[in-house]
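Close look at the chain arrangement
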Amino acid sequence: MSSELKIKVGLEVHVHITSLKTKLFCSCPSNYVNLDPNSDVCPVCLGLPGAIPVLNEEALRKAIMVALALGCDIAPSLMFSRKHYFYPDMAKNYQISQYDGPGTAAIAKNGAVWLGEKKIRIRRINIEEDPAKSVYPTGSILTSPYTLLDYNRSGIGMLEIVTEPDIEDAKEAKSFLDKLKSILEHLDVCDCSIEGSMRADVNISVTGGERVEVKNVGSPSDVKDVIEYESARQRAAILQGLKVQRETRHWDSDRKVTVSSRVKETDEDYRYFPDPDLPPLPITKEYIERVKETLPELPDSRIERLSKQYGISKYNATVLVMDKALADLFEAASAEVKDYERLSNLLINDYLRWINDRNMKLSDSKATPKHIVQLMQLLDSGVITIKIAKEILPTIILEGKMPREIVDELGLTRVSDEKLIETIIEEVITEEPELVTKVKKDPKVANYIVGKVMRKTGKRADPKLVNELIRRKLGV
Amino acid sequence: MKVSVDEELVRKLESLALISLSPEERREIVKDLSRILDFFNKIDEINLEDVEPMFHPLSQGRLRKDQPRDPLPRDEAIKNAKKKKDGYIIGPSTTGG
């Protein structure tokens, strides 16, 4: 019954332009992470009276690159607006942003991100500055008697990318964000592995209800959780005959719930007007053409190329490219590896999965192309089994030790000596003689014997060979 | 766009501007705002159909190279803050509680 109530989701994605060396409107270094509070600030990003903002030219170039990659219309003139609100994280009481209104426009409009055949329309892209970071002394916004402010983040360049409400479920939202993240990484706009570099406001409504906005969700997987939570909450309300009101909610990522916040602000309340400190700047066709020429290979064409050039499946190519670092690792290792499909399988099914299962990031891994090449060579030459490869992967990822070294130290080389394996099979049968008759009735029992032999050899025996020898010996 | 100014609108503006007015001040402001808006309504009578809006007397903004410069020394940066703690500036609670 509840499944008849469709959900509609639109996202406002905020991404830091992490490739910039300085902030958006001043020359303070943009690398603010792990610095002492308020040690990376100047009159402009502190919002002191009289300080004049001047736009970072590289920020404009990156914004145009994103606009081109998402197939947007680009505004003929760059204009900034002041978005007013009183909050301790914004000392000058307005954020420099862009606004689509009379005489002023966002830098780009009307683009799209394609998820296979499904089109997610992009409404607009804004360039804007990040506010300061608020630290709550009790750890919670609700119980803190005051706010601690660190302006190091204030003025960091961001893009706000707004979709139309074309997303229909949590999974699709996750796919959209993965694709967007890959595009931004290929454009060298945002290294999304940096904590907090990609945040989103989630607008979600269920048939028959009003739109609810969940503010400031910290990661793509949290976005998925928000949509699942909110669609269940809103559906339940509607099925009970209650109204879903238009409101703003906050995501509590510890308790995994959304909480209503009392503030209700409309566009008018922000009192947008063109920022007199930043005169309009024409964006010429020639300039756009020049930026276009510098566009790198984007995810869709890279997927095509990988599957053609290396003959790997489209699925594997897609998984690789959705994490630019993984695709880079694949291509770097492929120079010295022959079996590309096996390489891609190892990277996806073993390497990536191990990292994902532990909620780690690819950037946390110490494995380099050299490690992966050597691991593949050990596998290909039969020195180790796939089971051993899986077993030593964590040591490679966490410690950056070379595979050969680990194998030698732990004596994990593959046992392929037929005589030795036969002796071990004998041992197993001596321990459990009934296996001989059992296996003749049910050939599947052979797998059980293989397991026993593997255990006795510390997983070093080649399972295929063991299987073959058992069947030969017992005449199955 | 006609806006009618009444006490309710002024109350909303007070909350947006984080100030509170006395009843007398509020009555004064209603009068002032109405007069100001009347001036704008007069300006609105001009036909500007073929005129490009101008937002700035300077014709063109400028850009800056993406080259870092030293930020302010921290002591200087937070010198004017009334309340501070461990290098942070202390601001009000944001939940109105």
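Residues numbered from 1 in each chain as written. Chains lettered and ligands numbered in written order. Predicted model: local features only at pLDDT ≥ 70, side-chain atom pairs only at ≥ 80, totals over all residues. Heavy atoms only, no water.

**Let's talk about the overall build of chain A**
Secondary structure assignment for chain A yields 16 helices and 17 strands. Oriented by its inertia axes, the alpha-carbon framework of chain A measures out at about 90 × 55 × 45 Å. Looking at chain A residue by residue over its 476 residues, the buried ones come to 51%. When contacts within chain A are restricted to residue pairs at least 6 apart in sequence, long-range pairs at least 24 apart make up 68% of them. Summed over all atoms, the accessible surface of chain A reaches about 22,300 Å², with 50% contributed by carbon and sulfur. Seen as two clouds, the 69 positive and the 73 negative side-chain charges of chain A have centres 4 Å apart. (Helix = DSSP H or I, 4+ residues; strand = E, 2+ residues; numbered from the N terminus. Buried < 20%, exposed > 50% of the residue type's maximum accessible area, 1.4 Å probe, protein only. Contact = heavy atoms within 4.5 Å. Areas by Shrake-Rupley, 256 points an atom, 1.4 Å probe, with all protein chains shown as cover. Lys, Arg positive; Asp, Glu negative; His and termini not counted. Charge placed at Lys NZ, Arg CZ, Asp CG, Glu CD.)

**Here's the deal with the packing of aromatic side chains**
Residues and elements named next belong to chain A. Considering all chains together, one arrives at seven aromatic pairs over all chains under this definition. Seen in terms of ring centroids, Phe25 and Phe80 are 5.3 Å apart; in terms of plane orientation they differ by 85°. Their pairing is edge-to-face. Of this pair, Phe25 sits in the loop between β1 (7-16) and α1 (43-46) while Phe80 sits in the loop between β4 (77-78) and β5 (81-84), and the two are 55 residues apart along the sequence. With relative accessibility at 4%, the residue Phe25 sits in the buried group. Between Tyr99 and Tyr272, the ring centres sit 3.9 Å apart and the planes meet at 15°, which makes this aromatic pair stacked. Of the two residues, Tyr99 is situated in the loop between β6 (94-97) and β7 (108-115) and Tyr272 in the loop between β15 (257-261) and β16 (273-274); the sequence distance between them amounts to 173 residues. The class of Tyr99 is partly exposed, set by a relative accessible area of 23%. Connected via pairs of aromatic rings, a cluster forms that spans Tyr85, Tyr87, Tyr99, Tyr270 and Tyr272. The cationic tip of Lys83 hangs over the ring face of Tyr270; the distance from NZ or CZ to the ring centre is 4.4 Å. (Phe/Tyr/Trp six-rings, centres within 6.5 Å; stacked < 30°, edge-to-face > 60°. Lys NZ or Arg CZ within 6 Å of the ring centre and 35° of its normal.)

**So, the interface of chain B and chain A**
As a measure of interface size, the accessible area lost when the parts come together is often cited. Listed as interface residues are 35 residues of chain B and, on the opposing side, 52 residues of chain A. For the pairing of chain B and chain A, the buried interface totals around 3,800 Å² over both sides, and the portion due to carbon and sulfur atoms is 61%. Linking chain B to chain A there are one salt bridge. One salt bridge in this structure joins Glu57 of chain A and Lys65 of chain B, with 3.3 Å as the shortest N-O distance. Linking chain B with chain A are 22 residue pairs in polar contact (both at pLDDT 80 or more), by the criterion used here. Listing elements by their share of the side of chain B that touches chain A, those giving two or more residues are α1 (7-17), β1 (63-64), α3 (74-77) and β3 (88-92) of chain B. In terms of residues, the side of chain B that touches chain A owes the most to one element, β3 of chain B, which gives five residues. Residue composition of the side of chain B that touches chain A, grouped by class: 16 nonpolar, ten polar and nine charged. Direction of pairing for strand β10 (residues 146-150) of chain A relative to β3 of chain B: antiparallel, over a ladder of four bridges. Of the residues in β3 of chain B, the one forming a bridge with Leu149 of chain A is Ile89 of chain B. (Buried area = accessible area lost by both parts, 1.4 Å probe. Salt bridge = Lys/Arg side-chain N within 4 Å of Asp/Glu carboxyl O. Polar contact = N/O pair within 3.5 Å; in protein donor to acceptor, adjacent residues only side chain to side chain. Nonpolar A, V, L, I, M, F, W, Y, C, P; charged D, E, K, R; others polar. Pairing = 2+ DSSP bridges.)

**A closer look at the environment of Ala170 of chain A**
Residue and element names in this part refer to chain A. Within the secondary structure layout, Ala170 lies in helix α3 (residues 170-186). By relative accessible area, which is 7% here, Ala170 ends up buried. Along the primary structure Ala170 and Val9 are separated by 161 residues, whereas in three dimensions their C-alpha atoms are 8.7 Å apart. Apart from residues no more than four positions distant in its own chain, Ala170 is found in contact with Lys224, Ile227 and Glu228.

**Details of empty space enclosed by the protein**
This model, assessed by the stated rule, comprises three cavities of 30 Å³ or more. As a volume, the largest cavity reaches approximately 40 Å³. Met79, Phe80, Pro274, Asp275, Pro276, Leu278 and Pro280 of chain A together with Phe55 and His56 of chain B together form the lining of the largest cavity. Tallied by class, the residues present in the lining of the largest cavity amount to seven nonpolar, one polar and one charged. (1 Å grid on protein atoms, 1.4 Å probe; cavity = no way out; pocket = protein on both sides within 12 Å on 5 of 7 lines; lining within 4 Å. Points joined across faces, edges and corners; volume = space filled by probe spheres on them.)

**Let's talk about the sheet that holds strand β9 (residues 133-135) of chain A**
An order of β9(A)-β10(A)-β3(B)-β2(B) is seen for the four strands of this open sheet, with the pairing classed as antiparallel. With one partner strand each, in any of the chains shown, β9 of chain A together with β2 (84-85) of chain B form the two edges of the open sheet. In the sheet, β9 of chain A pairs with β10 of chain A via three bridges, with the strands oriented antiparallel. Its bridge partner lying in β10 of chain A, Val135 of chain A is registered against Leu148 of chain A.

**Details of a nonpolar patch on the surface**
Residue and element names in this part refer to chain B. Taken together, the side chains of Ile36, Phe39, Phe40, Ile43, Ile46, Leu48 and Val51 define a hydrophobic patch exposed on the protein surface, amounting to about 710 Å² of accessible area. Tracing the chain through its elements places Phe40 in helix α2 (residues 23-44). Here Phe40 falls in the partly exposed class, since its relative accessible area comes to 49%. (Patch = residues over 30% accessible without salt bridge, like charges linked within 9 Å, V, L, I, M, F, W, Y side chains within 5 Å.)

**A look at the pattern of salt bridges**
Residue and element names in this part refer to chain A. Scanning the entire structure with this criterion turns up 42 salt bridges over all chains. Taking the shortest distance from any N to any O, the salt bridge between Lys456 and Glu427 comes out at 3.3 Å. Taken together, the residues span a long stretch of sequence, with Lys456 in helix α15 (residues 445-456) and Glu427 in helix α13 (residues 418-431) at a distance of 29 residues.

**Considerations on the domain arrangement of chain A**
When the domains of chain A are assigned, the result is domain 1 (7-291), domain 2 (319-410) and domain 3 (418-474). Averaged C-alpha coordinates put domain 1 of chain A and domain 3 of chain A at centres separated by 60 Å. (Domains from an automatic or database assignment.)

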